[in-house]
Amino acid sequence: MTKKLNRDFIKILIVALVFVDHIGYALSSILPQWLYISFRCIGRIFPMVCYLIADSFYYTHNTKKFITTLLIFGVISVVPSYLLQGRFIFNVLFTYALSCYLMLMYNKLYRENTTQNKTKFIVGICIISFVVLVMDSLGIGPEYGLYGVLLPFVFYVLRNNKQSQCLAFLILFILNFLYSWISYSTITQWSLIQIFSLLNIVLIINYNGKKGKINAKYLFYWAYPLSMLIPYLIKLIVL
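I will try to describe carefully the structure that is included in this document.

The rules behind the values
- Residues numbered from 1 in each chain as written.
- Predicted model: local features only at pLDDT ≥ 70, side-chain atom pairs only at ≥ 80, totals over all residues.
- Heavy atoms only, no water.
- Helix = DSSP H or I, 4+ residues; strand = E, 2+ residues; numbered from the N terminus.
- Expected span 1.5 Å × (residues − 1).
- Buried < 20%, exposed > 50% of the residue type's maximum accessible area, 1.4 Å probe, protein only.
- Contact = heavy atoms within 4.5 Å.
- Polar contact = N/O pair within 3.5 Å; in protein donor to acceptor, adjacent residues only side chain to side chain.
- Core = buried A, V, L, I, M, F, W, Y, C linked by side-chain atoms within 4.5 Å.
- Axes fitted to C-alpha atoms, helices over the stretch in contact; angles between N-to-C directions.
- Left-handed = near helix turned anticlockwise from the far one by under 90°.
- 1 Å grid on protein atoms, 1.4 Å probe; cavity = no way out; pocket = protein on both sides within 12 Å on 5 of 7 lines; lining within 4 Å.
- Points joined across faces, edges and corners; volume = space filled by probe spheres on them.
- Nonpolar A, V, L, I, M, F, W, Y, C, P; charged D, E, K, R; others polar.
- Salt bridge = Lys/Arg side-chain N within 4 Å of Asp/Glu carboxyl O.
- Phe/Tyr/Trp six-rings, centres within 6.5 Å; stacked < 30°, edge-to-face > 60°.
- Parallel < 35°, antiparallel > 145°, perpendicular 65-115°, else oblique.

What to know about helix α1 (residues 7-26)
Part 1: Across its 20 residues, α1 extends 28 Å between first and last C-alpha, which sits within 8% of the 28 Å expected from 1.5 Å per residue.
Part 2: Of all the residues in α1, the buried ones are Arg7, Asp8, Ile10, Lys11, Ile14, Leu17, Val18, Asp21, His22, Ile23, Gly24 and Ala26.
Part 3: Each element contacted by the buried residues of α1 is listed here: α2 (33-42), α3 (46-59), α5 (78-85), α11 (200-206) and α12 (219-238).
Part 4: Near the N-terminus of α1, the side chain that reaches the backbone nitrogen of Asp8, with its oxygen 3.2 Å away, is that of Asn6.

Written out as structure tokens, the structure reads:
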């Protein structure tokens, strides 16, 4: 099968689907239940974003600048996120930044052919995972929790084998589903909606790894805060 989906096309698709998702969230009180659920299901594009984050980290010439940019736009997105959700959270850009830090650790420690450095990396990733789980249990963890931190990292480590990437994604998804089930003692509506994120496997398989012709370098960064601010403004007008 010819892989026809380049990076720019997928970025535009992601921006559109995230906007639909946030519109559904903002107008949840007035939308029919079926339409609200449809909007939220349509917006389950998070795994593909994780895939592009891992891909971009691999190709960037300055990994520290890449992580810093994610953190800067994470800070920029704090207010729009608060306006839309009504609470302060470590939004998903902070999640991506932490995952990229794991990639940086992996490159500097684990890929070095010394037992001491490999041990440092394993200890480091265990500590970070434990801290994220504790923060998540206290309700102050990064968006998408440990699942969100590990998914881009796993895509990065397994980047030369799409079958392994998709299998790892499926395993992490199941573990996260079970974790949510145990945490809430029930299968929530949100967990069921997340099942639609498995459709991202189709995009991953058909992604050709090519950039495309559109100069959309900062589209991702600015689109995220705007995708929350615009639905919030629409909410103010409509309600």
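And the narrative resumes.
Considering the nonpolar core
It is characteristic of soluble globular proteins that their nonpolar side chains tend to be buried jointly.
Part 1: The biggest cluster of nonpolar side chains holds 56 residues, and the ones touching the most others in it are Ile14, Met48, Leu70 and Tyr96.
Part 2: Element by element, the count of residues in this core is highest for helix α6 (residues 92-110), at ten residues.
Part 3: Apart from residues no more than four positions distant in its own chain, Leu70 is found in contact with Ile53, Leu93, Tyr96, Ala97, Cys100 and Tyr221.

A short note on the packing of α5 against α12
Part 1: Look at α5 against α12: their axes get within 8 Å of each other, and the N-to-C directions meet at 40 degrees. The way α5 lies across α12 gives a crossing that is left-handed. In this structure, α5 uses Pro80, Ser81, Leu83 and Leu84 to contact α12, whose residues at the interface are Pro225, Met228, Leu229, Pro231 and Tyr232.

Focus: the layout of surface pockets
Part 1: Computed from the structure, the second largest pocket encloses a volume of approximately 230 Å³.
Part 2: Only α4 (63-76), α6 and α7 (115-137) provide two or more residues apiece to the lining of the second largest pocket.
Part 3: A breakdown of the residues in the lining of the second largest pocket according to their chemical character gives twelve nonpolar, no polar and no charged.

Some details on the pattern of salt bridges
Pairing is possible between side chains that carry opposite charge, provided their charged atoms lie close to one another.
Part 1: On inspection of all chains with the given rule, the structure shows five salt bridges.
Part 2: Asp8 is the partner of Lys211 in a salt bridge, and the nearest nitrogen-oxygen pair spans 3.8 Å. Within this pair, whereas Lys211 is found in the loop between α11 and α12, its partner Asp8 is found in helix α1, the two being separated by 203 residues in sequence.
Part 3: We classify Asp8 as buried; its relative accessible area is 3%.
Part 4: Notably, a salt bridge pairs Arg40 with Asp21, separated by 2.5 Å at the nearest N-O pair. With Arg40 in helix α2 and Asp21 in helix α1, the pair connects residues that are 19 residues apart, well separated along the chain.
Part 5: One network of salt bridges, in which partners are shared, links Arg7, Asp55 and Arg159.

Here we look at the packing of aromatic side chains
Part 1: Scanning all chains against the criterion turns up 21 aromatic pairs.
Part 2: With a centroid separation of 4.4 Å and 15 degrees between ring planes, the pair formed by Tyr82 and Phe88 is classed as stacked.
Part 3: Among the residues examined, Tyr82 registers a relative accessible area of 35% and is labelled partly exposed.
Part 4: A relative accessible area of 61% places Phe88 in the exposed class.
Part 5: Taken together through their ring pairs, the aromatic side chains of Phe57, Tyr58, Tyr59, Phe66, Tyr106, Tyr110, Phe121, Phe153 and Tyr156 make up a single cluster.

Here's the deal with the packing of α1 against α2
Part 1: Where α1 meets α2, the axes come as close as 7 Å, and the angle between the chain directions of the two elements is 150 degrees. Taken together, the axis directions place α1 and α2 in an arrangement best described as roughly antiparallel. Crossing handedness for the pair α1 and α2: left-handed. Residues Leu17, Val20, Asp21, Ile23, Gly24 and Tyr25 of α1 form the contact with α2, whose participating residues are Tyr36, Phe39, Arg40 and Ile42.

Describing unusual backbone geometry
Part 1: Unusually for a residue other than glycine, Tyr144 sits at a positive phi of about 70 degrees.
Part 2: At Ser185, a position not held by glycine, the phi torsion is positive, near 60 degrees.
Part 3: Positionally, Ser185 belongs in the loop between α9 (162-184) and α10 (189-194).
Part 4: By relative accessible area, which is 65% here, Ser185 ends up exposed.

What about the environment of Leu158?
Part 1: The residue Leu158 is located in the loop between α8 (145-157) and α9 in this model.
Part 2: For the pair Leu158 and Ala168, spaced ten residues apart in sequence, the C-alpha separation works out to 8.7 Å.
Part 3: When residues no more than four places from it in sequence are discounted, the contact partners of Leu158 are Ser164, Gln165 and Ala168.

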